[in-house]
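Architecture and fold: a report
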2 protein chains.
Amino acid sequence: MCDGHEHPQPRRITLESDLLAKNDRHAEALRERLVHSRIVAFNLIGSPGAGKTALLEATIPQLHGIHVAVIEGDQATDHDAQRIAKTGCAVMQVNTGQGCHLDATMIERGLQELQPGERSMLFVENVGNLVCPALFDLGERAKIVVMSVTEGEDKPLKYPHVFRAAEALVLTKLDLLPYVDLDPRKLVEHARRIRPGLQVFPIAARKGEGLAEWCAWLRAHVEAA
Amino acid sequence: MCDGHEHPQPRRITLESDLLAKNDRHAEALRERLVHSRIVAFNLIGSPGAGKTALLEATIPQLHGIHVAVIEGDQATDHDAQRIAKTGCAVMQVNTGQGCHLDATMIERGLQELQPGERSMLFVENVGNLVCPALFDLGERAKIVVMSVTEGEDKPLKYPHVFRAAEALVLTKLDLLPYVDLDPRKLVEHARRIRPGLQVFPIAARKGEGLAEWCAWLRAHVEAA
């Protein structure tokens, strides 16, 4: 986190703890509200260019019969919200400026605007950043790491916090696998060393490959809500 | 930044300003020291998997006659330092834990350990993150954005701060261009809309393509030091 978590000054650490604790309280209240309304929220976390928006573009049309709403986080522009709007679902863009993550209050405001009904699915596409969003609870049902096959098999070991916090890994751009040096088995082994039992969904969104199992997993959460 | 730059609470904004101002003071003292010692430092910023380490692995052997030192930033592991050590240059790994960026004091400590001589080149490979490192001056001669062709042509518009702060963009994994939807001219146009005059170096590190121009640009900085 930007405000110096690993630095020795106790004053800074206390303040960061305050910030996270405050967010945690917001997130817990939000989670109760979402559970009560049977709205299932997924928090998608990945680097810029990991393919989060393309994943949603491919996923949403497969979720027939489920009302889907999306909150898009970026530092600037509403490009991603425009892309998602074409799927026909309700979407809201949050611009964070210099901010590196979404927090629970932003999701609260998004819900006020989007007003998703009971048994809706809410996707939160976090700011493109594999690091900071791991620490901020958004009241979601599950955090999902999105990374592409171009990013390398050692990423779970080098950036363990986000993998530890996640329920699932979507491995995107599977169609590029023949052209990159990545052993998917090693990647999954590294990811499950950090997070035993992690669900893994290899997907080529452009080609529609791997979507069925992923969408079944998403649907199961709404059915259980 | 993680500690709430875009939030309305003035207390938090003040504290973040303090933190950045303190880093700026460290960085300015460090910059003076580096200029005095004719050490040219480059701060490489890019997402996890952008190809920063592979770029250095390909670049360092081309810099004959220049003493090169490297500081590697990651949340965890010394994998990248191990890779760089194989090039024969001096390298130090900094692990930031939950931290999302390197700061100037970490570079000061790195210099104490590495002790690069006059007219050395120092590469700082920042924590994989296109967002937060943009805000933290490390006393470098130039910030360099590293992004791969798989990340998409709209990234400069969606993450403008790092592009605004950079002197150069290295566009990596050029050998994947035939397999992805990216128009390099659009990417460069977007990047230069944010940062007029930005130097752009398209490189396929695995194939050694594009290294000559990039290395000439790096060398010119040492010759001018």
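Quick word on the overall build of chain A
When helices and strands are tallied, chain A shows eight helices and seven strands. For chain A, the C-alpha radius of gyration of 17 Å lies close to 17 Å, the compact-globule estimate for 225 residues. Overall, the C-alpha framework of chain A stretches about 50 × 40 × 35 Å when taken along its three principal axes. The 225 residues of chain A split such that 61% are buried. Surface exposure of chain A reaches about 8,600 Å², of which carbon and sulfur atoms provide 50%. Charged side chains in chain A number 26 positive and 30 negative. The centres of these two groups are separated by 2 Å.

With respect to empty space enclosed by the protein
For the structure shown, the criterion picks out three cavities of 30 Å³ or more. Roughly 50 Å³ of volume is contained in the largest cavity. What lines the largest cavity is a set of 13 residues, among which Pro48, Thr150 and Glu151 of chain A together with Pro48 and Glu151 of chain B lie closest to the centre. When its residues are assigned to classes, the lining of the largest cavity shows three nonpolar, eight polar and two charged.

Section: the sheet that holds strand S2 (residues 68-74) of chain A
All names here are of chain A. Pairing within the open sheet is parallel, and its seven strands lie in the order S3-S2-S4-S1-S5-S6-S7. Looking at which strands have only one partner, the edges of the open sheet turn out to be strand S3 (90-95) and strand S7 (199-202). Neighbour-to-neighbour, the strand axes of the sheet open up by a mean angle of 20°, direction not taken into account. When strand S5 (residues 142-148) meets strand S6 (residues 168-172), the two strands line up parallel, connected through five bridges. Directly across from serine 148, in S6, lies its bridge partner threonine 172. Along the sheet, helix H2 (residues 52-59) contacts strand S1 (40-45), S2, strand S4 (121-125), S5 and S6; its crossing angle with S4, the most-contacted strand, is approximately 160°. Set on the sheet, helix H7 (residues 184-194) makes contact with S5, S6 and S7; between it and S6 the angle comes to about 155°.

As for the interface of chain B and chain A
Facing 53 residues of chain B, the contacting portion of chain A comprises 52 residues. Interface area, chain B with chain A, both sides summed: about 4,700 Å², of which 56% is carbon and sulfur. Taken together, chain B and chain A are joined by five salt bridges. The salt bridge involving aspartate 181 of chain B is made with arginine 206 of chain A; its shortest N-O contact spans 3.2 Å. For the interface between chain B and chain A, the tally reads 17 residue pairs in polar contact (both at pLDDT 80 or more). Secondary-structure elements contributing two or more residues to the side of chain B that touches chain A are helix H1 (10-36), helix H3 (79-85), helix H5 (155-158) and helix H6 (160-165) of chain B.

Side note on the layout of surface pockets
Empty space among the atoms can be located by rolling a probe the size of a water molecule over them. Here the largest pocket defines a volume of roughly 830 Å³. Glu151, Gly152 and Asp181 of chain A together with Ala54 and Arg83 of chain B are the residues nearest the centre of the largest pocket, which is lined by 37 residues in total. Secondary-structure elements contributing two or more residues to the lining of the largest pocket are helix H5 (155-158) of chain A together with helix H2 (52-59) and H3 of chain B. Ranked by the residues each element gives to the lining of the largest pocket, the list is headed by H2 of chain B, at six residues. Grouping the amino acids of the lining of the largest pocket by side-chain chemistry returns twelve nonpolar, nine polar and 16 charged. Size it by volume and the second largest pocket reaches roughly 710 Å³. Elements with a contribution of two residues or more to the lining of the second largest pocket: H2, S2 and helix H3 (79-85) of chain A together with H5 and helix H7 (184-194) of chain B. At five residues, the largest contribution of residues to the lining of the second largest pocket is made by H2 of chain A.

So, the environment of glutamate 209 of chain B
All names here are of chain B. Note on placement: glutamate 209 falls in the loop between strand S7 (199-202) and helix H8 (211-223). Note on glutamate 209: relative accessible area 41%, which makes it partly exposed. C-alpha separation for the pair glutamate 209 and glycine 51, spaced 158 residues apart in sequence, amounts to 14 Å. Apart from residues no more than four positions distant in its own chain, glutamate 209 is found in contact with Pro202, Ile203 and Ala204.

Some details on the relation of the copies chain B and chain A
Superposing chain B onto chain A requires a rotation of 180° together with a translation of 0.0 Å along the rotation axis, leaving an RMSD of 0.0 Å. Such a combination of rotation and displacement between the chain copies is what one expects of a two-fold axis. Both copies share a contact surface, since 98% of the interface residues of chain B are interface residues in chain A too.

Brief notes about the confidence of the model for chain A
Residues and elements named next belong to chain A. Here chain A averages 93 in pLDDT, while 93% of its residues score no lower than 70. Predicted confidence for residues 4-12 stays below pLDDT 50, and this span has 18 contacts to residues more than four positions away or in other chains. Interface predicted TM-score (ipTM) for the complex: 0.90; the corresponding pTM is 0.93.

Each value, and the rule that gives it
- Along each chain, residues carry numbers from 1 onward, in the same order as the chain's sequence is written.
- Chain letters and ligand numbers both follow the written order, the letters beginning at A and the numbers at 1.
- For this predicted model, a pLDDT threshold of at least 70 governs which residues receive local features, and a threshold of 80 or more governs which side-chain atom pairs are given and counted, while totals over whole chains, interfaces and linings are taken from all residues.
- For side-chain calculations, the full set of non-hydrogen atoms in the structure is used, while hydrogens and water are omitted.
- Numbered from the N terminus, helices here are DSSP runs of H or I no shorter than four residues, and strands are runs of E no shorter than two.
- Note that the radius of gyration is over C-alpha atoms, with the globule rule given as 2.2 Å times the number of residues to the power 0.38.
- Buried residues are those whose accessible area, probed at 1.4 Å on protein chains only, stays under 20% of the maximum for their type, while exposed residues exceed 50% and partly exposed ones sit between those limits.
- All accessible areas in this document rest on Shrake-Rupley with a 1.4 Å probe, and a residue is counted as covered only by the protein chains that are shown.
- Only four residue types enter the charge count: Lys and Arg as positive, Asp and Glu as negative, with His and the chain ends excluded.
- By convention, charge coordinates are those of NZ in Lys, CZ in Arg, CG in Asp, or CD in Glu.
- Think of a 1 Å grid over just the protein atoms. A cavity is a set of points where a 1.4 Å probe fits yet cannot get out, a pocket is an open set with protein on both sides within 12 Å along at least five of seven lines, and lining residues have an atom within 4 Å of a point.
- Grid points are joined across faces, edges and corners, and a volume is the space filled by probe spheres set on the points.
- Basically, the charged four are Asp, Glu, Lys and Arg, the nonpolar ten are Ala, Val, Leu, Ile, Met, Phe, Trp, Tyr, Cys and Pro, and anything else, Gly included, counts as polar.
- A pair of strands is treated as paired once DSSP finds two or more bridges between them.
- For helices, the fitted line uses only the C-alpha atoms of the stretch in contact; every axis is such a line through C-alpha atoms, and the angle between N-to-C directions lies from 0 to 180 degrees.
- Between two residues, a contact is recorded if the distance between any of their heavy atoms is within 4.5 Å.
- Defined in terms of a 1.4 Å probe, buried area is the accessible area two parts forfeit on being brought together, summed over both.
- The working definition used for a salt bridge is a side-chain nitrogen of Lys or Arg within 4 Å of a carboxyl oxygen of Asp or Glu.
- Residues adjacent in sequence count toward polar contacts only when both atoms are side-chain atoms; beyond that, a polar contact is any pair of N or O atoms within 3.5 Å, and within protein one must be able to donate a hydrogen and the other to accept it.
- What sets the superposition is a least-squares fit of C-alpha atoms, and only residues with pLDDT of at least 70 in both copies go into it.
- Residue-level confidence of the predictor, termed pLDDT, takes values from 0 up to 100.

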